[in-house]
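The residues making up each chain are set out below.
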Amino acid sequence: MTEQTAPKSPVTTEQFIDEIKEQLKYNQGVTLEQATDADIYVASSLAVRRHLMDSWTATQKAMVEGNTKAVGYLSAEFLIGKQLRNALLNLGMLSEFDEAVKTLGHDPQLVVDAEYEPGLGNGGLGRLAACYVDSLASLGVPAFGYGIQYKYGIFKQEFDAEGKQVERPDYWLANDEPWGHIDYNRSQKVSFGGEVVEENGKKVWKPVWSVRAVPVDYMVPGYASGRVDTLRLWSAKSYDEFDLLTFNKSEYLDAVKPQVEAENISKILYPEDSTPQGKRLRLEQQYFFVAASLHDAIRVFYPGQDKPDLTTFPSKITFQLNDTHPVIGIPELMRILIDEYDYDWDTAWDITTKTFNYTCHTLLPEALEVWPVDLINELLPRHMEIINEINEHFLAELKGLTRDKERINRMRIVTEGEHPQVRMAYLATAGGSHVNGVAELHSQLLKDVTLRDFSDLFPTKFTNVTNGVTPRRFIRLANPRLSALITEGLGTDKWLSDLDLLQGLVPLANDDEFVKKFAEVKHANKVAFANFAKDRYGFEANPDTMFNTMVKRLHEYKRQSLKILALISRYAAIKNGTVNVDDVLPRTVFFGAKAAPGYYMAKLTIQLINNVARVVNNDPDVKGKLAVHFPANYNVRLAQHLIPATELDEQISQAGKEASGTGNMKFALNGALTVGTLDGANVEIRERVGADNFFLFGLTVDEVEALYEEGYDPAKYYEADPRLKMAIDMISSGTFSNGDRNTYAPLVADWLTKDYFMTLADFSAYADIQYQIEDLYRQPMEWNRKAILNVANTGYFSSDRAIEDYLERIWHTSPLAD
């Protein structure tokens, strides 16, 4: 990895002040005296955007005219976070911005806070995509991130008086949004429905309705690379927005029906798909952004050519399918090549398979997306024909590789039976060059379990790329105190573009003065978070307690339930005198998570956590030794405040269920110790930071599978551990539901009779290791030495390294020439 020096600001503070004033005058139309923090934010953003423009156009020109293959990253989610400070960092303008804004009479933090965070993702998938486009630009690799410009992002989470999650619309475009450039001149037509007919011996799709896909471009500036890539998000518009005749009949709603139906496609991230209408809309979304992106790429790389030679397409761009959401792109490219450009099947298939690669993000069979054949036939009849043909060709290929009829049947892309379905993961595996998992353990389990039949017959397709996170946003911007200390310790700031340099901190873990400075940084971050939490959420967090955090999407396999049961157990021990309250290590526990709107058990878990917090935080018997907080609406902004303040990170999913994780990487890089299972990237983190610097507990993958095989009985664990029994009995008795014994009855019944993810089986080991954790925490110098070693040894988990792995193992391309 090439070390890069920090970028030098293109302007002085005085010049930047003039640019802000100019934008205020000519864009917002306000005087400096009238300008609000929001006005200053918009003016600053527009001024910064102008400084990126030359590099952006130069990058696009070099990409089209050069010989370097570009990357198209197709993803339904991009959790990009706030843009202003990230752009300022990558341009080298942070100090100029701060000084300019202060000179203009405003607080830089309040100006930055005026930016509304785009909620264009649900969790790790979207944050990973955002890190990857950042790293592509920072490494100078030409790239497009392709997705959807959702009008409403992932819902805004609130909690009602009973602690239940309430979903509110997250209209992130309600205010000025200076970063996205709408380009109506480069829109694409995307069609649906209709029928397939034969004309002159050729199949012709006759769709019955179409929408206009309008691109909204976001610049993605690289750190010190001089390159600016593009995040192109598609917004759905109607071609017939308004029926005047209907309107004049006073049928006002019917008059705008075409507009409403078209714009629904890009209205909201992941519509609830438990209904036929929801499933239909989700498939419409997926096809919409992929079809627009493929046509856009052809336009970009073959400008002005009516019938370009698309056999060269795989040398122009490689598309990465980020999970199964974009997999409909495989039959779409086949359709384009055969129907629009007259290629024969074999040539089209050769182009297609060389163009696509697939990242699988799950091991859970229910998360491997499937679509009913009837629905695809209704929405995309030509694509269903092509999928059927792909399936037949694939089955014929399999028959040449194996005589195992059962295996061949298991590998069908289109299932048989009364209600056939299309297995999108299988289509992606058959129709692409490579399949990768996102951690070493995950990739191995993909080959051994989830996609074993495919791996056995096509072993060279499978590889691993362990996830990574960008150090620019998640260390430099999120944790400026630690960043300054790292730079001081290493004597250089080049680590921001070569995170392996963090290894230079290893000797400093034995330097008492450096350890004390590190401890001061962590405490200052805790104080800062306490102030942020009081201002933003209204709760008091004591920075003199251990800060213990579990933030991730709420899902049963991630086992927030294990954490809350252990907390209840500790609370019960204090209440019944099993432990002396004066001997208890003071601990403040933070949860952050959203549950899918239709996920009943996950939402009930959120309600339980909130009510445990209500009871514990208001109990004088606890004497400040235990506090639980669940700030609502966990997002990138909250992460950037909470992660640097965290001392103990929870990564406690059942072994074999978490694909990788990226939160675990962010916490370790910011000096938290991890308590975790051997799951996902935890395995690699533990290997790199050292077993002595990681709190390991719980069943292994093999032990989990063996327990499933022999027959898992969760009730016996409940009976065997009095701590667990006490915790569950407190929940059953109504302690956390105002005496109502029915509120959490479904949770309790599931734990005692099913407990598929073995929360109860791992409880004792998890509860026991807390004593080891607390013993170490009582030795602050030793704790902080281990925390420093976590920082020093996790440079591998940079998204820059992950992208370099993709470049070498999958994409086979390189940065643009200078």
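Structure first, text after, so check above.
Residues numbered from 1 in each chain as written. Predicted model: local features only at pLDDT ≥ 70, side-chain atom pairs only at ≥ 80, totals over all residues. Heavy atoms only, no water.

### What to know about the overall build of the protein chain
Counting its secondary structure elements, the protein chain contains 34 helices and 22 strands. Scaling as 2.2 N^0.38, a compact globule of 818 residues should have a C-alpha radius of gyration of about 28 Å, and the protein chain matches this with 27 Å. Considering the protein chain as a whole, with its 818 residues, one finds that 60% of them fall into the buried category. Considering only contacts in the protein chain between residues 6 or more positions apart, those separated by 24 or more positions represent 76%. The centroid of the 85 positive side-chain charges in the protein chain is displaced by 1 Å from the centroid of its 115 negative side-chain charges. (Helix = DSSP H or I, 4+ residues; strand = E, 2+ residues; numbered from the N terminus. Rg over C-alpha atoms; globule rule 2.2 N^0.38 Å. Buried < 20%, exposed > 50% of the residue type's maximum accessible area, 1.4 Å probe, protein only. Contact = heavy atoms within 4.5 Å. Lys, Arg positive; Asp, Glu negative; His and termini not counted. Charge placed at Lys NZ, Arg CZ, Asp CG, Glu CD.)

### Concerning the nonpolar core
Among the nonpolar cores identified, the biggest contains 248 residues, and Phe288, Ile413 and Phe736 are the most heavily contacted of them. Broken down by element, this core gets its largest block of residues, 13 residues, from helix α10 (residues 276-301). Not counting the four nearest positions on each side in its chain, Phe736 is found in contact with Ile568, Tyr571, Leu608, Asn611, Val612, Arg614, Val615, Met730, Ile731 and Tyr744. Within the second largest apolar cluster, 17 residues are counted, among which are Phe532, Tyr634, Ala645 and Phe667. (Core = buried A, V, L, I, M, F, W, Y, C linked by side-chain atoms within 4.5 Å.)

### Structural notes on helix α30 (residues 722-733)
Over its 12 residues, α30 runs 16 Å from end to end, which matches the ideal 16 Å to within 8%, given 1.5 Å per residue. Inspection of α30 places Leu724, Ala727, Ile728, Met730 and Ile731 among the buried residues, and these make up the whole buried set. End-on view of α30: buried residues confined to an arc of 150 degrees, all on one side of the axis. The first or second residue beyond α30 is Gly734, which carries a positive phi of 95 degrees. (Expected span 1.5 Å × (residues − 1). Arc of directions from axis to C-beta.)

### Here's the deal with the packing of aromatic side chains
Throughout the structure, instances matching the rule amount to 34 aromatic pairs. Measuring from centroid to centroid gives 6.3 Å for Tyr146 and Phe319, while their planes differ by 35 degrees, and the two rings are tilted. With a gap of 173 residues between them, Tyr146 in strand β2 (residues 143-148) and Phe319 in strand β11 (residues 317-322) connect regions that are remote in the sequence. Each member of the pair, Tyr146 as well as Phe319, is classed as buried. On the numbers, 6.0 Å between centres and 25 degrees between planes, the contact of Phe394 with Phe458 is stacked. (Phe/Tyr/Trp six-rings, centres within 6.5 Å; stacked < 30°, edge-to-face > 60°.)

### Remarks on the environment of Asp729
Looking at the secondary structure, you find Asp729 in helix α30. For the pair Asp729 and Asn377, spaced 352 residues apart in sequence, the C-alpha separation works out to 52 Å.

### Side note on the sheet that holds strand β18 (residues 587-592)
Across the sheet, six strands lie side by side as β19-β18-β17-β20-β21-β22; this open sheet has parallel pairing. At either end of the open sheet lies a strand with only one pairing partner, and these are β19 (626-629) and β22 (695-696). With two bridges joining them, strand β17 (residues 546-551) and strand β20 (residues 648-651) adopt parallel strand pairing. Residue Thr549 lies in a different strand from β20, and its bridge partner there is Asp649. Taken strand by strand, helix α33 (residues 780-792) contacts β17, β20, β21 (673-676) and β22, and its axis lies near 85 degrees from that of β21. (Pairing = 2+ DSSP bridges. Axes fitted to C-alpha atoms, helices over the stretch in contact; angles between N-to-C directions.)

### Quick look at the packing of helix α12 (residues 329-340) against helix α15 (residues 381-399)
One way to put it is that α12 packs onto α15 with a least axis distance of 9 Å and a crossing angle of 100 degrees. Between α12 and α15, the interaxial angle falls into the category roughly perpendicular. Contacts from Ile330, Pro331, Glu332, Met334, Arg335, Ile338 and Asp339 in α12 reach Arg382, His383, Ile386, Ile387 and Ile390 in α15. When the residues that make up the contact of α12 with α15 are grouped by side-chain class, the tally is seven nonpolar, one polar and four charged. (Parallel < 35°, antiparallel > 145°, perpendicular 65-115°, else oblique. Nonpolar A, V, L, I, M, F, W, Y, C, P; charged D, E, K, R; others polar.)

### A short note on the state of the cysteines
Under the definition given, this model contains zero disulfides. For the unlinked cysteine Cys131, the closest cysteine sulfur is that of Cys360, found at 20 Å. On the basis of relative accessible area, Cys131 is assigned to the buried category, the value being 3%. We classify Cys360 as buried; its relative accessible area is 0%. (Disulfide = S-S within 2.5 Å.)

### Some points on the pattern of salt bridges
In the structure shown here, the tally under the stated rule is 46 salt bridges. Asp512 is paired through a salt bridge with Arg785; the nearest N and O atoms lie 2.9 Å apart. Of this pair, Asp512 sits in helix α22 (residues 512-536) while Arg785 sits in helix α33; the two residues are 273 residues apart in sequence, bridging distant segments of the chain. With a closest N to O distance of 3.1 Å, Lys725 and Asp729 form a salt bridge. Here Asp729 and Lys725 lie together in helix α30, a separation of four residues that amounts to about one turn. Residue class for Lys725 comes out partly exposed when judged on its relative accessible area of 29%. According to the relative accessible area criterion, Asp729 is partly exposed, its value standing at 28%. Each of Arg407, Arg410, Arg452, Asp453 and Asp456 takes part in a single network of salt bridges with overlapping partners. (Salt bridge = Lys/Arg side-chain N within 4 Å of Asp/Glu carboxyl O.)

### Description of the pairing of strand β6 (residues 188-192)
Taken across its five residues, β6 has four buried, putting it largely inside the fold. With five bridges joining them, β6 and strand β9 (residues 209-221) adopt antiparallel strand pairing. Its bridge partner lying in β9, Val190 is registered against Val211.

### Comments concerning the side chain of Ser191
Within the secondary structure layout, Ser191 lies in strand β6. Polar contacts involving the side chain of Ser191 include one to the side chain of Ser210, which spans 2.7 Å. What Ser191 contacts, discounting residues up to four positions off in sequence, is Trp205, Pro207, Trp209, Ser210, Tyr287 and Leu380. (Polar contact = N/O pair within 3.5 Å; in protein donor to acceptor, adjacent residues only side chain to side chain.)

### Brief notes about helix α27 (residues 682-689)
Turning to α27, its buried residues number three or more, namely Asn682, Val683, Glu684, Ile685 and Val689. Those residues of α27 hidden inside the fold are in contact with α18 (440-450), β20, α26 (663-669), β21 and α33.

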